[in-house]
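Remarks on the overall topology
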Amino acid sequence: MSKAPVFKFSRRSFVAGSVALLSTPALAQSEGTTEMENDLSTVVRRNISSFRSLDWHPYFSNLHNGAILVDTTSRALHFWSEDQSVYKLYPTSVPLSEDLTRRGRTEVIRKVEGPSWAPTPSMKIRNPEWPDFVGPGPNNPLGTHALYLSWQFYRIHGTHDTRKIGRRSSNGCIGLYNEHIAELFQLAKVGTQVLLI
């Protein structure tokens, strides 16, 4: 009579199995997003949030007035200066749903430090209890700075509610930590091209 093999789990085999499992690609990654690395043979510079740094060439034909790329899938904002001396990568909040998400090309048409806020007509329909106006300050949903885009009602702005960053949490705008929007506010100019993907 033969005995069935006995498998013993040691700490070493558990750790080795866990490492093998964790080293496989994440199932949530998909082709065509900036979260997918197609060529693992090249060294990819990363920031502390594990976002990939990107080259601007696939997204813009030039860097005239600088360029901002917002990736709503990876929830990251990339900025390149016109002379290519500055590249920044920031975590963002993105719209709550596909219905509220707008993609395509636009540009910065106005910069406001200490912005005031008023809900859009569609926000008021969805949230009639919201105030009609909020002036600058800690209760303002636009945070400390706002970059107004050529699309009506769309902004890249700060937020006092830091829990929103990295989440689907906005009504259409792109949110940044206040310290990040303050930095981007200094780098971007009226005319900076913007692409949301």
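Summary of the structure given here. One numbering rule holds for all chains: residues counted from 1, following each sequence as written. Only residues with pLDDT of 70 or above have their local features reported here, since the model is predicted, and side-chain atom pairs are shown and tallied only from 80 upward, although totals for entire chains, interfaces and linings are computed over all residues. Hydrogens and waters are ignored; side-chain quantities use all the structure's heavy atoms.

Describing the overall build of the chain
Going by this rule: By definition, any uninterrupted DSSP run of H or I lasting at least four residues is a helix, any uninterrupted run of E lasting at least two residues is a strand, and each is numbered from the N terminus. A simple rule labels every residue: compare its accessible area, found with a 1.4 Å probe on the protein chains alone, to the largest value its type can have, and call it buried under 20%, exposed over 50%, or partly exposed in between. Contacts are residue-level and defined by heavy atoms, with any inter-residue pair within 4.5 Å sufficient.
The helix and strand inventory of the chain stands at 3 helices and 10 strands. Going from N to C terminus, the chain has its helices and strands arranged as α-β-β-β-β-β-α-β-β-β-β-α-β. Sorting the 197 residues of the chain into buried and exposed places 40% on the buried side. The contacts in the chain between residues at least 6 apart in sequence include a share of 60% that link residues at least 24 apart.

Notes on the nonpolar core
Convention followed: The term nonpolar core refers to a set of buried residues drawn from Ala, Val, Leu, Ile, Met, Phe, Trp, Tyr and Cys, joined through side-chain atoms within 4.5 Å.
Judged by nonpolar contacts, the single largest core of 20 residues is most densely connected at Ile 68, Leu 77, Leu 147, Ile 156 and Leu 184. In terms of residue count, helix 3 (residues 178-187) provides more of this core than any other element does, 3 residues in total. Ignoring any residue separated from it by four or fewer positions in sequence, one finds Ile 156 in contact with Ile 68, Val 70, Leu 77, His 145, Ala 146, Leu 147, Leu 149, Ile 174, Leu 176, Ile 181, Leu 184 and Val 194. Listed in part, the 9 residues of the second largest apolar core include Trp 56, Tyr 59, Phe 60 and Leu 69.

Regarding the environment of Ile 165
Among the secondary structure elements, Ile 165 is positioned in the loop between strand 7 (155-159) and strand 8 (168-170). Residue Ile 165 is classed as buried on the basis of its relative accessible area of 10%. As a C-alpha pair, Ile 165 and Val 94 span 71 residues in sequence and 8.1 Å in three-dimensional space. In this structure, Ile 165 is in contact with Pro 91, Thr 92, Ser 93, Thr 159, Gly 175, Leu 176 and Tyr 177, ignoring residues within four places of it in sequence.

What about the layout of surface pockets?
Basically, it comes down to this: Computed over the protein atoms alone on a 1 Å grid, cavities are sets of points where a 1.4 Å probe fits but cannot get out and pockets are open sets with protein on both sides within 12 Å along at least five of seven lines; a residue lines them when it has an atom within 4 Å of a point. Grid points are joined across faces, edges and corners, and a volume is the space filled by probe spheres set on the points. All residues other than Ala, Val, Leu, Ile, Met, Phe, Trp, Tyr, Cys, Pro, Asp, Glu, Lys and Arg, Gly among them, are scored as polar; the first ten of these are nonpolar and the last four charged.
The volume enclosed by the largest pocket comes to roughly 560 Å³. Surrounding the largest pocket, 28 residues form its lining, Trp 117, Met 123, Pro 141, Leu 142 and His 157 being those nearest its centre. Here the lining of the largest pocket takes 3 residues from strand 7, the largest share from any one element. Of the residues in the lining of the largest pocket, the class split is 12 nonpolar, 13 polar and 3 charged.

Let's talk about helix 3
Inclusion rule: Here the arc refers to the set of directions running from the helix axis out to each C-beta atom.
Of all the residues in helix 3, the buried ones are Asn 178, Ile 181, Leu 184 and Phe 185. Down the axis, helix 3 shows its buried residues gathered within 125° of arc, on one side only. Pointing more than 90 degrees away from the buried face of helix 3 are the exposed residues Glu 179 and Gln 186.

Everything listed here is a matter of coordinates, which is why it stays silent on function.
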